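Residue-level listing of the chains:
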Amino acid sequence: MTALDHPALRAFTAQIRDELAVAQVLIRRTKHGFELRHVDDRDRAEKTLRELKLTDLRALVQFTAGRAFRPLKSAPNLQTGWVLRLNDDTELESALNLIYPGAIADWFAAQPPQPPVSHYREFTHRQTGMYRITTLLSDAQAGQVARACCHPQFCLKRRLWTVNGLTPDAGEGKSLIPCLEPCPLLLEFARKAVRVEQEEKLKLELSPGEAATLTAALQIALATPDTRGNLREADFNAPGNPRRLRLLLEKLAALPIKPTVSAED
Ligand code: SF4
């Protein structure tokens, strides 16, 4: 199939003038078709990059540079250091489908003013079995889960689905790839959030200063890369999972804490 009889591909390639960034991939038009590389390699000389074939992409996108499995292909941890030359639109579509599955189709679907979005409530009400409990989160809790799980630190798709009280992603730090419904990773994270909510609560009183210290500690932990590779992205049973840290930050931010000024200040 060529772009001529593929409206989504035709509309997408029309967006590419000299170049176009799609999440972490830079697409450039060339005399013979297209060239793809990581956006961080924009200014690197071609000869310093590893030349890939289309058939190499599947292996490239499975793992980070540290060989950790990538359960979410839209996570901002695509390996750098490669270049891929493509002959035509069809090869471009195949390549993008390997790097960001469904990106062109979803981008095209999101062009009309009313895109076909499945919001949190309708999506979770369709779930059966172990994911049925994701309906138990309140709107505020589901909003915190979404803000934590879909944060630009973890995912480059622009979330269009919402729940009451949560607006769609404004686009800052995100890409042109839309997210039209909660993904399996979000669903699993929501399930874990329900389980955590169902645990017997500890009573812990925090002064505003202590809450500020806890917030700072979480921010430091989130900014510190996991160089030992101990934290698997989708292991939400690990208390130190970065999305769990970010969810706790969301909960702290929602506390009605008033800044206090001590006598010495
Ligand atoms: S639900 Fe969130 S984490 Fe999952 S793909 Fe969409 S934006 Fe990304």
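Basis of the calculations
Residues numbered from 1 in each chain as written. Predicted model: local features only at pLDDT ≥ 70, side-chain atom pairs only at ≥ 80, totals over all residues. Heavy atoms only, no water. Core = buried A, V, L, I, M, F, W, Y, C linked by side-chain atoms within 4.5 Å. Buried < 20%, exposed > 50% of the residue type's maximum accessible area, 1.4 Å probe, protein only. Helix = DSSP H or I, 4+ residues; strand = E, 2+ residues; numbered from the N terminus. Contact = heavy atoms within 4.5 Å. Near = heavy atom within 4 Å. Nonpolar A, V, L, I, M, F, W, Y, C, P; charged D, E, K, R; others polar. Pairing = 2+ DSSP bridges. Patch = residues over 30% accessible without salt bridge, like charges linked within 9 Å, V, L, I, M, F, W, Y side chains within 5 Å. Areas by Shrake-Rupley, 256 points an atom, 1.4 Å probe, with all protein chains shown as cover. Salt bridge = Lys/Arg side-chain N within 4 Å of Asp/Glu carboxyl O. Axes fitted to C-alpha atoms, helices over the stretch in contact; angles between N-to-C directions. Domains from an automatic or database assignment. Buried area = accessible area lost by both parts, 1.4 Å probe. Polar contact = N/O pair within 3.5 Å; in protein donor to acceptor, adjacent residues only side chain to side chain.

A. Up close: the nonpolar core. One finds Phe12, Ile27, Leu36, Trp82, Leu92, Ile99 and Tyr100 to be the most contacted residues of the largest nonpolar core, which totals 30 residues. Counting residues per element, the ones that place at least two in this core are helix 1 (7-14), strand 1 (19-22), strand 2 (25-30), strand 3 (33-38), helix 2 (57-62), strand 5 (82-86), helix 3 (89-99) and helix 4 (103-109). It is helix 3 that contributes the most residues to this core, five residues altogether. If we ignore the near neighbours within four places in the chain, the residues touching Leu92 are Phe12, Thr13, Ile16, Ile27, Phe34, Leu36 and Leu86. Counting residues in each nonpolar core, the second largest holds 28 residues, with Ala110, Leu137, Ala142 and Leu247 among its members.

B. The site of the ligand, seen in detail. Close to the ligand lie Cys149, Cys150, Cys155, Lys157, Trp161, Cys179, Pro182, Cys183 and Leu186. When its residues are assigned to classes, the shell around the ligand shows eight nonpolar, no polar and one charged.

C. Here's a closer look at the pairing of strand 1. Because side chains alternate across strand 1, one face comprises the buried residues Leu20 and Val22, and the other comprises Glu19 and Ala21, none of which is buried. With four bridges joining them, strand 1 and strand 2 adopt antiparallel strand pairing. The partner of Leu20 across the bridge, within strand 2, is Ile27. Hairpin connection, strand 1 to strand 2: the antiparallel pair is bridged by two residues, and Ala23 has positive phi, about 50°.

D. Molecular detail of the pairing of strand 3. Counting buried positions along strand 3 yields six of six residues, so the element is predominantly enclosed. Alignment of strand 2 against strand 3, held across six bridges, turns out to be antiparallel. Bridged to Arg29 within strand 3 is Phe34. The loop that links strand 2 with its antiparallel partner strand 3 comprises two residues. Judged from the four bridges that link them, strand 3 and strand 5 form a sheet pairing that is antiparallel.

E. Summary view of the side chain of Gln24. Along the chain, the position of Gln24 falls in the loop between strand 1 and strand 2. Judged by its relative accessible area of 11%, Gln24 falls in the buried class. Not counting residues within four places of it along the chain, the set of residues in contact with Gln24 comprises Arg37, His38, Val39, Ala75, Pro76, Asn77, Leu78, Tyr100 and Leu156.

F. Structural detail: a nonpolar patch on the surface. A surface patch of nonpolar side chains, amounting to about 260 Å² of accessible area, comprises Leu204, Leu206 and Leu214. In this fold, Leu204 is placed in the loop between helix 7 (184-198) and helix 8 (208-223). Residue Leu204 is classed as exposed on the basis of its relative accessible area of 65%.

G. Highlighting the sheet that holds strand 2. What the five strands build is an open sheet, ordered 1-2-3-5-4; its pairing is mixed. Looking at strand neighbours, the two that pair on one side only are strand 1 and strand 4 (50-52), the edges of this open sheet. Neighbour-to-neighbour, the strand axes of this sheet turn through a mean angle of 25°, independent of strand direction. Relative to strand 5, helix 3 is tilted by about 145°, and along the sheet it contacts strand 2, strand 3 and strand 5.

H. Here's a closer look at the domain arrangement of the chain. Taken domain by domain, the chain holds domain 1 (3-109) and domain 2 (120-253). Using C-alpha coordinates to define each centre, domain 1 is positioned 28 Å away from domain 2. Contacts between the two partners involve 17 residues from domain 1 and, on the opposite side, 16 residues from domain 2. Both faces considered, domain 1 and domain 2 share a buried interface measuring about 1,300 Å² in area, 76% of it formed by carbon and sulfur atoms. Taken together, the links from domain 1 to domain 2 amount to zero salt bridges. For the pair domain 1 and domain 2, the number of links is one residue pair in polar contact (both at pLDDT 80 or more). At the level of elements, strand 1 and helix 4 are the ones that each hand at least two residues to the side of domain 1 that touches domain 2.

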